[in-house]
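Coordinate analysis (summary)
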Amino acid sequence: MKLTVTLPNHSYDLTIEKGLLSGIGQWAKSLWSPQKVVIITDTNVQPLYGDQVYKSLKAAGFDPSTFVVNAGEQSKNLSIASEIYDFLADEGMTRSDGIIALGGGVVGDLAGFVASTYMRGLHFLQVPTTLLAQVDSSIGGKTGVNTAKAKNLVGTFAQPDGVLIDPDTLKTLEIRRVREGIAEIIKSAAIADKKLWFHLDSLNDEHDLLADATNIIAACCKIKRKVVEEDELDNGVRLLLNFGHTIGHALENTVGYGTLTHGEGVAVGMSQITRVAEAKGLSPIGTTEQLNHLIQKFHLPIRSDSWNQQQLYTALTHDKKARGGTINIILLESIGQAKIVKIPIEEMKSYLD
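Everything numeric here is computed off the predicted structure, so don't read it as measured data. (Residues numbered from 1 in each chain as written. Predicted model: local features only at pLDDT ≥ 70, side-chain atom pairs only at ≥ 80, totals over all residues. Heavy atoms only, no water.)

1. Notes on the overall build of the protein chain
Going by this rule: Strands are runs of DSSP state E lasting at least 2 residues, helices are runs of H or I lasting at least 4, and numbering of each runs from the N terminus. Only the C-alpha atoms count toward the radius of gyration. The rule for a globule is 2.2 Å times the residue count to the power 0.38. Here's how the labels work: a residue is buried when its accessible area is under 20% of the maximum for its type, exposed when over 50%, partly exposed in between, all with a 1.4 Å probe on protein chains only. Only heavy atoms enter the contact rule, under which two residues are in contact if any of them lie within 4.5 Å.
Counting its regular elements, the protein chain contains 13 helices and 12 strands. Against the compact-globule benchmark of 20 Å for 353 residues, the protein chain has a radius of gyration of 20 Å, which places it among compact chains. On the principal axes, the C-alpha backbone points of the protein chain span a range of 60 × 40 × 40 Å. Across the 353 residues that make up the protein chain, the buried fraction comes to 58%. The contacts in the protein chain between residues at least 6 apart in sequence include a share of 76% that link residues at least 24 apart.

What follows is the structure, given as structure tokens:
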């Protein structure tokens, strides 16, 4: 299955198919001429797919090398980015060479950020190997690293030349990481696709979802493609994709990156903001119950034991959706439809009760 993201200055394809990874060399060759390629991956993915990808690229005429970071959110920072810059320089990388991000959301965000800033921009490809990255973070050109103040505080918009999604890579994913991706799938359905919501509601568990992974991934990619095409730089409708993320990112920051997965933070964030919105009359009665039912069915949390209102509020004041003294929050008008609401940032305290 192929979906094209059509943008004013750069369009590219998302290719979704089981078994694609084994032919990555020929796929890259269809997009790039033979050149130096640095594969950026992590300690979880390298033992599983690193050699296969390296050999496939080599056989297709590329000159590959590999940089491996420690798996986890802790690697998504400027210090690691600097180490990769040095590696690229040592490898003699030029602006006619490319980077391939092979891994989950951390690798994709980090590699994309490095590619977009080294020598003011190398071209790059996204090869997401986690459910979270396949349904969300590999698509749309957002790159970034975390700082001590906030998640993704430093970043760029840089579109890849292509995205290769092989659902077979999910077979090696631990169940907590599967659930992390399911949180983003629930988010996508909640804001934009009632049909997908009912489909998720009909499934028994994570195993049912994985059995239909190709179709579910494609449904989420279509949602992401639509909003990215309408709002590439995240100033309007693309903000809808942040449902649950304002509180989720703040929670990740306050409990420590890596302690809570991104998906767990988003799940708590979706539940919390909808519960308060419903109490304020801003979302329909019963929406929280529907949302919580689906979140909990897939063994995701709706509350956090590490909740600290003041710390969360301080963290979210650094959120990129903040504009001056206001912040944009995403609320559900119904299942399958969301809205952007601008509120004074002080009012966010009430959403953290």
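Now, onward.
2. Remarks on the UniProt feature "binding site: Zn(2+)" (unreviewed entry) in the protein chain
Here is the rule we go by: UniProt positions are given in the numbering used here, feature names are shortened, and annotations may be inferred rather than shown by experiment. We place a 1 Å grid over just the protein atoms. Points where a 1.4 Å probe fits but has no way out form a cavity, open points with protein on both sides within 12 Å along at least 5 of 7 lines form a pocket, and any residue with an atom within 4 Å of a point lines it.
The UniProt feature table records "binding site: Zn(2+)" (unreviewed entry) at Glu184, His245 and His262. These annotated residues cover 79 residues of sequence, but their C-alpha atoms sit close together, with the largest distance between any two at 9.9 Å. Lining the second largest cavity, from the residues named above, are His245. Residue position: His245 is located in helix H10 (residues 245-255). Looking at His245, the relative accessible area reads 5%, which means it is buried. Discounting chain neighbours no more than four positions away, the residues touching His245 are Glu184, Lys187, His262 and Val266. Excluding residues within four positions of it along the chain, His262 makes contact with Leu132, Lys151, Glu180, Glu184, His245, His249 and Glu252.

3. Description of empty space enclosed by the protein
Put simply, the test is: Grid points are joined across faces, edges and corners, and a volume is the space filled by probe spheres set on the points. Here the term charged refers only to Asp, Glu, Lys and Arg, the term nonpolar to Ala, Val, Leu, Ile, Met, Phe, Trp, Tyr, Cys and Pro, and the term polar to all other amino acids, Gly among them.
For the structure on display, the rule yields 2 cavities of 30 Å³ or more. The wall of the largest cavity is formed by 11 residues, among which Ala150, Lys151, His249, Ala315 and Asp319 lie closest to the centre. Looking at the lining of the largest cavity, the elements with two or more residues in it are H10 and helix H13 (309-316). No other element matches H10, which puts 4 residues into the lining of the largest cavity. Each residue belonging to the lining of the largest cavity can be placed in one class, and the counts come to 4 nonpolar, 4 polar and 3 charged.

4. What to know about the sheet that holds strand E11 (residues 326-334)
The condition is simple: A pair of strands is treated as paired once DSSP finds two or more bridges between them. Throughout, an axis means a line fitted to C-alpha atoms (over the contacting stretch in the case of helices), and angles, computed between N-to-C directions, take values from 0 to 180 degrees.
The antiparallel open sheet is built from 3 strands, whose spatial order is E10-E11-E12. The open sheet has two edge strands, strand E10 (322-323) and strand E12 (337-344), and neither has a second partner. The pairing of E10 with E11 spans 2 bridges and is classified as antiparallel. Looking at E11, one finds that Arg323 is bridged to Thr326. Docked against the sheet, helix H6 (residues 175-192) engages E11 and E12, running at close to 90° with respect to E12.

5. Here's the deal with the pairing of strand E3 (residues 36-42)
Rule in force here: Seen with the strands pointing away from the viewer, any crossover whose path from the first strand over the helix to the second strand runs clockwise is right-handed.
Where burial is concerned, most of E3 is hidden: 6 out of the 7 residues are buried. Summarising the sheet, E3 and strand E4 (residues 63-69) pair through 7 bridges and their orientation is parallel. For Asp42, the partnering residue across the bridge sits in E4 and is Val69. In this view, the connection linking E3 to its parallel neighbour E4 by way of helix H2 (residues 46-59) has right-handed handedness.

6. As for helix H11 (residues 262-279)
Under the convention used in this document: Expected span of a helix: the number of residues minus one, times 1.5 Å.
Here H11 is 18 residues long and its end C-alpha atoms lie 26 Å apart, about the 26 Å a rise of 1.5 Å per residue gives. Among the 18 residues of H11, 16 are classified as buried, and the element is accordingly described as predominantly covered. Of the residues one or two after H11, Gly281 is the one with positive phi, at around 80°.

7. Comments concerning the nonpolar core
Cut-off, in case you're wondering: Only buried residues count toward a nonpolar core. Its members are Ala, Val, Leu, Ile, Met, Phe, Trp, Tyr and Cys residues joined through side-chain atoms within 4.5 Å. These domain limits were set by an automatic method or by a database of domain assignments.
Grouped together as the largest cluster of nonpolar side chains are 75 residues, with contacts concentrated most on Leu131, Ile186 and Leu200. Of the residues forming this core, the biggest block, 10 residues, is contributed by helix H9 (residues 213-230). Each of domain 1 (2-170) and domain 2 (175-351) contributes no fewer than three residues to this core. Excluding residues that lie within four positions of it along the chain, Leu200 makes contacts with Ile185, Ile186, Ala189, Leu209, Ile216, Leu294, Lys297 and Phe298. If you look at the next biggest cluster of nonpolar residues, it comprises 23 residues, including Ile80, Leu110, Ala115 and Ala158.

8. Focus: the packing of H11 against helix H12 (residues 287-297)
We count it as follows: Roughly parallel here means an angle under 35 degrees, roughly antiparallel means over 145, roughly perpendicular means 65 to 115, and every remaining angle is called oblique. Left-handed describes a crossing whose near helix is turned anticlockwise from the far helix through less than a right angle; right-handed describes the clockwise counterpart.
Closest axis-to-axis distance for the H11/H12 pair is 9 Å, and the angle between their directions is 165°. Taken together, H11 and H12 sit at an angle that is classed as roughly antiparallel. Crossing of H11 over H12 shows left-handed handedness. Contacts between H11 and H12 involve Ala267, Met270, Ser271, Thr274, Arg275 and Glu278 from the former and Thr287, Thr288, Leu291, Asn292 and Ile295 from the latter. Residues of the contact of H11 with H12, tallied by class, amount to 4 nonpolar, 5 polar and 2 charged.

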